[in-house]
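# Structural features, examined
Residues per chain, in single letters:
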Protein chains: 4
Amino acid sequence: MFDEVKDKFRDECGVFGIYLNKTVYPDEAARNSFYGLYALQHRGQESCGLAISNGEHILLRKGMGLVSDVINQEVIEDLPGHLAIGHVRYSTAGYGGIVNTQPLVIQYLQGSMALAYNGSITNARQLRHRLAEGGAVFQTTSDAEIVALLLARYAKDCLENALAKTMVDIEGALAMVIMTETKLIGVRDPWGIRPLCIGELNGDYILASESSALDTIGARLVRDVEPGEIVAIDRNGLRSMQTVKPQGKAHCIFEYIYFARPDSTIDGINVTYARRELGKQLARECPVEADIVISVPDSGTSAALGYAEHSGIPFQQGLLKNRYVGRTFIQPTQQMREMGVRLKLNPIREIVEGKRVIMVDDSIVRGTTSRNIVNLLRRAGASEVHMMVSSPPTKHPCYYGIDTSSREELIANRMTPAQICQYIGADSLYHISEQGMYEALGGNGNIFCTACFTGSYPVKIS
Amino acid sequence: MFDEVKDKFRDECGVFGIYLNKTVYPDEAARNSFYGLYALQHRGQESCGLAISNGEHILLRKGMGLVSDVINQEVIEDLPGHLAIGHVRYSTAGYGGIVNTQPLVIQYLQGSMALAYNGSITNARQLRHRLAEGGAVFQTTSDAEIVALLLARYAKDCLENALAKTMVDIEGALAMVIMTETKLIGVRDPWGIRPLCIGELNGDYILASESSALDTIGARLVRDVEPGEIVAIDRNGLRSMQTVKPQGKAHCIFEYIYFARPDSTIDGINVTYARRELGKQLARECPVEADIVISVPDSGTSAALGYAEHSGIPFQQGLLKNRYVGRTFIQPTQQMREMGVRLKLNPIREIVEGKRVIMVDDSIVRGTTSRNIVNLLRRAGASEVHMMVSSPPTKHPCYYGIDTSSREELIANRMTPAQICQYIGADSLYHISEQGMYEALGGNGNIFCTACFTGSYPVKIS
Amino acid sequence: MFDEVKDKFRDECGVFGIYLNKTVYPDEAARNSFYGLYALQHRGQESCGLAISNGEHILLRKGMGLVSDVINQEVIEDLPGHLAIGHVRYSTAGYGGIVNTQPLVIQYLQGSMALAYNGSITNARQLRHRLAEGGAVFQTTSDAEIVALLLARYAKDCLENALAKTMVDIEGALAMVIMTETKLIGVRDPWGIRPLCIGELNGDYILASESSALDTIGARLVRDVEPGEIVAIDRNGLRSMQTVKPQGKAHCIFEYIYFARPDSTIDGINVTYARRELGKQLARECPVEADIVISVPDSGTSAALGYAEHSGIPFQQGLLKNRYVGRTFIQPTQQMREMGVRLKLNPIREIVEGKRVIMVDDSIVRGTTSRNIVNLLRRAGASEVHMMVSSPPTKHPCYYGIDTSSREELIANRMTPAQICQYIGADSLYHISEQGMYEALGGNGNIFCTACFTGSYPVKIS
Amino acid sequence: MFDEVKDKFRDECGVFGIYLNKTVYPDEAARNSFYGLYALQHRGQESCGLAISNGEHILLRKGMGLVSDVINQEVIEDLPGHLAIGHVRYSTAGYGGIVNTQPLVIQYLQGSMALAYNGSITNARQLRHRLAEGGAVFQTTSDAEIVALLLARYAKDCLENALAKTMVDIEGALAMVIMTETKLIGVRDPWGIRPLCIGELNGDYILASESSALDTIGARLVRDVEPGEIVAIDRNGLRSMQTVKPQGKAHCIFEYIYFARPDSTIDGINVTYARRELGKQLARECPVEADIVISVPDSGTSAALGYAEHSGIPFQQGLLKNRYVGRTFIQPTQQMREMGVRLKLNPIREIVEGKRVIMVDDSIVRGTTSRNIVNLLRRAGASEVHMMVSSPPTKHPCYYGIDTSSREELIANRMTPAQICQYIGADSLYHISEQGMYEALGGNGNIFCTACFTGSYPVKIS
């Protein structure tokens, strides 16, 4: 259970951009960006950063830690400006992180530019090699730097055109915000894999990975950036430009299952609604006789409520999550581990004792967490534990900006569902069907990237 | 909503004590105490501390911040011992806190002693004056120091007897753990106002404010310390001694309503169970036609589930709470506030839009948070908002260790329910009845302290 | 050489107090105290603290670290007041220090009081026992707490009278500042062992361990507090009161040799002047043929200049001290140690190569540092190294507030001068004579405590 | 006096490199680099960094603060390797510093490379523009990045050849260490403006800005890197390559006057020796009748000793420098400033009172510090104050990597010596003559860059 965090797929970034009316709000970009990034914190807790322009210069602050650790009142006051982009990041590597922190701010032939990237370039190695042959040097391992170097090669064009050319070079998943001293740009890859939406507040525009970041500052969701679309925002308003021809849609389906905040709406589908429908679909596909439905908090709760609603079996809070997590954590001894340490999740005996329990979770990655939780429920007296998973088995790694475990670690690659059920110690285990998942999300499976379930990758991997 | 934290009653402390078999676990008291305090973190986030004995010396570590900020691996290794007490604390004052941090470690005629206190001495002023006349000096404003000074006056007795005499001097609420180099003692006031329970693990004993701290280390709940009981634990096991004659029971009813962790069982009643019953009782007392039941997360959720269960109206997650809270927070401008900043709670439009909503919360203190939430729900499209409160109106301050607002700030003192309903902008507002509350908690109102509702204080206030 | 700091006697505290005209400087006590403590930083670098009164309340700030680490602009602004006392402290123990940090602020029968102590109570154990029998508890191991508890016993008297009675109880060395909400008090033990002086600035009074703290704030030195004198300063000015009858003078002679800042004047003797005279006396007592005189920086420099002046041999900077010392220090491997790591002191080959060198230092405690330095000089090519020490051999520990090594560690207890000379590898070694030391300091040995040299303790040690 | 630090020219960097025998010392590069950088700390206190290779990968640690703040035992253990370069840096700008911290580590066509730069490229703007036209982007404002980008353009050559070509492109002052995974390179500009020397330890090579960094790790000084020379060190030993033809020598003369550590020897001249000779020359050029010679510590002391030696007037410590400087500093009020706050320098009245004082300092930049010190001496009773400066008037800014004030701030540009003397309030003021300075340094003025005195810049400024 101590590896719980590692037993989930992990989103790697969130991006935010805002262009305010310079006359009305000359200094409000930083404050609004703080709120926006704060709302996107679940997309990356390792580091964050903020680049601000007052129309003339770009200033930058970034650091390791949560948004509220890095950006305080003093930082806000040091960053006057009406135009900003920000980034939250989770990274796989330990130290060295500060080098890869974003936004990346660079000087090039036309002035300054700041970039914040979410996603992953699948032909990064080839692009790096090509650029290096032209004399480029790399100071980071971030894909934002590749984009910056490509843009600089097309720098004699205007930035939108340079970006359009760059999009032809790049393969992979991309949701990106870019700013110069006077302009805010957003762009999304041709399949629309990673999310990016447009908000509006008093006539000013905002870009964000999720709509909940718009809610936070009181803005309304206008629409999502289209696959392959570039939107450019400056004093003249918002202009759109379609770059590479979209080849279909492939929105990351895992945003609905686990990554996104429940209060976000992405590409037209509300996340809480989607999760509840997934839970209902589970109940349709796999009715089980039981006394209570519980969830693995917090991510499994919406689906569990859906299961309860459709099945008529009452939802109860059978597992309690400890909310206080600080900087350090003392590892238990092996002996204590065996005694059943319950630091992050505690079953409530009064609820589960003697009960046939349906436990709903969003996914199983390596299986160790599920095994621990089932064990906790048994010790707390559950007479039966039926595990329901609101996603199909995850068998394939993601190459589009998500930190999945390696193929070998994905338990669904090594075991049949029956074996997994035995491994985790449940009475039964059921994953939602692929088709059922599509139906819960509106019926059309063709608009999603489902590579982690199906191995069918919309963008080829080199 | 930015004052949300201040718009709740607040528990002021949690205590923990452990006496391990010195031969088997010579160095494990600190690690176990870390887990125990971590599980009690909700009872105080301002500071914490840990005193450890190896049978010969008492070592102390304390500091401002969360348990996981103050106690790290290095601290654990610096504190070898089999006997420990710990404390988490929330305090009303800003700086100066470090002086009042507990445990308090003192030298007196018989050696060393560490004390950790939860509650409040109501005749503290008189006791301080009496002690000062005898030449005492006070270095803190904590009640633990008063107890220490009284114990020192009776120091020629053995510690249990000295404590029994001290209990005669003290009026108020008290749940306390004390340790010498070789002994662990727990004591509870004659009314049993503040909670304290006894756990057992492999034959060793633990004392804790709540049973969830026992779960965390794999210990089982043996029983609660009785009102007026002293329990002393040393190498010969546990001995009990009844001190001042209990005058009845007066367990703090607010522990069930809001303070305690849902997975704790206090004085025989499980907290989640109690909250769910309160919700059911609300549904019995005040049935409303509505489409959905939502809760103000997290504390209102159990009651909301109970309401839903009894009423048959589906429970849904209509409000999302942001989990990431860091060290600093940027205050919004007034304008942004008016735009409806939703940093900590965000309504989910897809769930509440066009719906008649029953919103369940545990209490209303000043009313400002409720007003903000109702407003958020309206903006998100709720057609009706009916607020259900799983406690009666709180009209009276607590003098027994809880930080309530002052009488003037308690909205129920200034307004009738109808006026409050209008102030918060709800379509209807209903508080559970006193009698209904008792019934939900098992029928007998005489075993609870209900002073904050009734003004009937079990211990006189000087 | 890495133990250099441990190879010196160490002063344990510095104290400072200021009483400003409340009308003219209502808020300036904290700022002035910062400067005063900053100037006394050499007397203790482990922790510091500041207590401030605005005439009604005493506020306190203290922490581990240097004055400039603990007291910043924000702290100054949080501590408005015209009356303050402060303390810098070095302590022998590692953690736990924060508990013993001063000033100690207490509540007692008459109100609040803050105390800051320099020195050591030699009958502390007896006093603690007597107080404990009366019911006292001790939260620290500082002597300030003993004084506070004694004062509280006499609390029905006015504070000056209570202090006079307390002085009768206490044996040992003491230079102390005390404040109430409205009064500043200074007191010195009957022998005047530890220093304390009175300054004046625009008619307001200051107390400080050394006169250099007065210079820092532009105040002038009025006089030293007399042995056994109490001075009380309030809105009516300064009053003096002689308590216990002084039995003679016994000013710590090591203040002149090493502890005090060179720019301080203590009990009528300027420190730099005294050190230079000690150097001259050394040259008189022990003329050696040599090419250059060098010092072990910084403390040996004044004496070296005196030696050079009297002998006519030129003074040169043969050893360079690295000024940058930070929070951590990487220990060298044994191999590097042997290679001659020169991190803190580096000989300058161009100055010492081929030269007969007289090296002047203030004292030899354990001998390891001297041995290392002589070795460095040899490697840098010095043809002869003659070590001159401006104090007699230190054979006896101090019990009056100085951290000397234990008797066994003092090399002069284990070896004859000839053996020490051989141990450190010098060509010759000479300590100033006792009589020569007195002459350099004005001729009268009877006014100094010379216990560390002579074993003749003015106050009996229990 | 609070601007003292700003009233000096400031060196901007120190560099260090070490290549150890991989078999014998596989992990010792980091520890040795710590000591080396620690010894170079006076060349830059704002930030520092360390890049390490184990022969396969380059790891990097850098941060704001002193060497001992950034590099601790844990860092050392995280950086195993036998090859390292390090950098200490002072920068003019406030925040943003972290971006410019060095070493700079980059990936390019041939692998990885780390660079640490001391000096300044005078044609940086032109080079940046030329590179940007080729598609380069800049992430920092450091000259190291320009070098890296130029090297990458020549990357098909071996690194030494690429560096030789790069040196043709660059104008300005440069002392640089570069490392790949397997090689250490040092290079110095064709005039040899900034210092760089070669050390040897057990057959392994070290590069450092100053020889004192070699002393620290027990290495011996082999020689200085020649102007325009590239030295490459790898498993086969050290190879030298002369690049651009040296056009003469122009060693920065201010290294001898102020920047370098007194125990360093640079381009054949020992710094302490040089300063003493400057002092003697001053005494020759400007004999004054006086009672004592004092210095402005620490940098003026060697010259003052030289003046004293030649003049026969005794040197005394008339000014005391406070050694304890921490993180924050409280600004005095204007009133206190006028009272004569003496926080960093305190005159010793007993030494200067009634005396005719010769005060020796190394330079006068803006004059404010000198004015404050003269004033302090007067208040302390000096009857006459004659200021002797061991450098000629500094009239011209440096463009070769030194932070001088702007031309307008240099007092010697605005005032005649007589006016400066009046401004600072001295009885007389004398600067060493240019010719006298050359004679003190060995007679040949042609080997130094003296642009700050003469305005004759060896490398043209664009």
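Please read all numbers here as calculations on a predicted model, not as lab measurements. (Residues numbered from 1 in each chain as written. Chains lettered and ligands numbered in written order. Predicted model: local features only at pLDDT ≥ 70, side-chain atom pairs only at ≥ 80, totals over all residues. Heavy atoms only, no water.)

Our focus in this paragraph is the arrangement of the chains. If you take every C-alpha in chain A and every C-alpha in chain C, the smallest gap between them is 14 Å, and the two do not touch. One finds no contact linking chain B with chain D; the least C-alpha distance across the pair is 14 Å. (Contact = heavy atoms within 4.5 Å.)

Residue and element names in this part refer to chain B. The strand order β4-β3-β5-β2-β11-β10-β12 describes an open sheet built from seven strands, whose pairing is antiparallel. Two strands lie at the open edges of the sheet, namely β4 (58–64) and β12 (220–224), each paired on one side alone. Within the sheet, the average angular offset between the axes of one strand and its neighbour, ignoring direction, is 15°. Of the strand pairs in this sheet, strand β10 (residues 197–201) and β12 are connected by four bridges, and their pairing is antiparallel. Counted as the bridge partner of Glu200 is Arg220 from β12. (Pairing = 2+ DSSP bridges. Helix = DSSP H or I, 4+ residues; strand = E, 2+ residues; numbered from the N terminus. Axes fitted to C-alpha atoms, helices over the stretch in contact; angles between N-to-C directions.)

Attention now goes to the pairing of strand β14 (residues 237–242) of chain A. Residues and elements named next belong to chain A. Relative to β14, strand β13 (residues 229–234) is paired through six bridges, and the arrangement is antiparallel. Looking at the pairing, Val231 lines up with Ser240 of β14. Here β13 hands over to β14 after two residues, the two strands then running antiparallel side by side.

Here we come to the relation of the copies chain D and chain A. Each copy of the sequence occupies a distinct position, and chain D is placed on chain A by a rotation of 180° and an axial shift of 0.0 Å, giving an RMSD of 0.0 Å. The superposition of one copy onto the other is thereby described by a two-fold rotation axis. The rotation axis passes nearest to the C-alpha of Ala136 of chain D in chain D, at a distance of 3.3 Å. A high fraction, 100%, of the interface residues of chain D reappear at the interface in chain A, so the copies pair face to face through one surface. (Least-squares fit on C-alpha atoms with pLDDT ≥ 70 in both.)

Another aspect to go through is the sheet that holds strand β9 (residues 184–188) of chain D. Residue and element names in this part refer to chain D. Strand order across the open sheet formed by six strands is β6-β7-β8-β9-β13-β14, with antiparallel pairing between neighbours. Of all strands in the sheet, those with a lone pairing partner are β6 (104–108) and β14 (237–242), marking the two edges. Pairs of neighbouring strands in the sheet enclose a mean axial angle of 20°, with direction left out of account. The strands touched by helix α6 (residues 143–153) within the sheet are β6, β7 (111–121) and β8 (172–179), with β7 carrying the most contacts at an inclination of about 130°. Here helix α7 (residues 159–169) sits on the sheet in contact with β6, β7, β8, β9, β13 (229–234) and β14, set at roughly 20° to β9.

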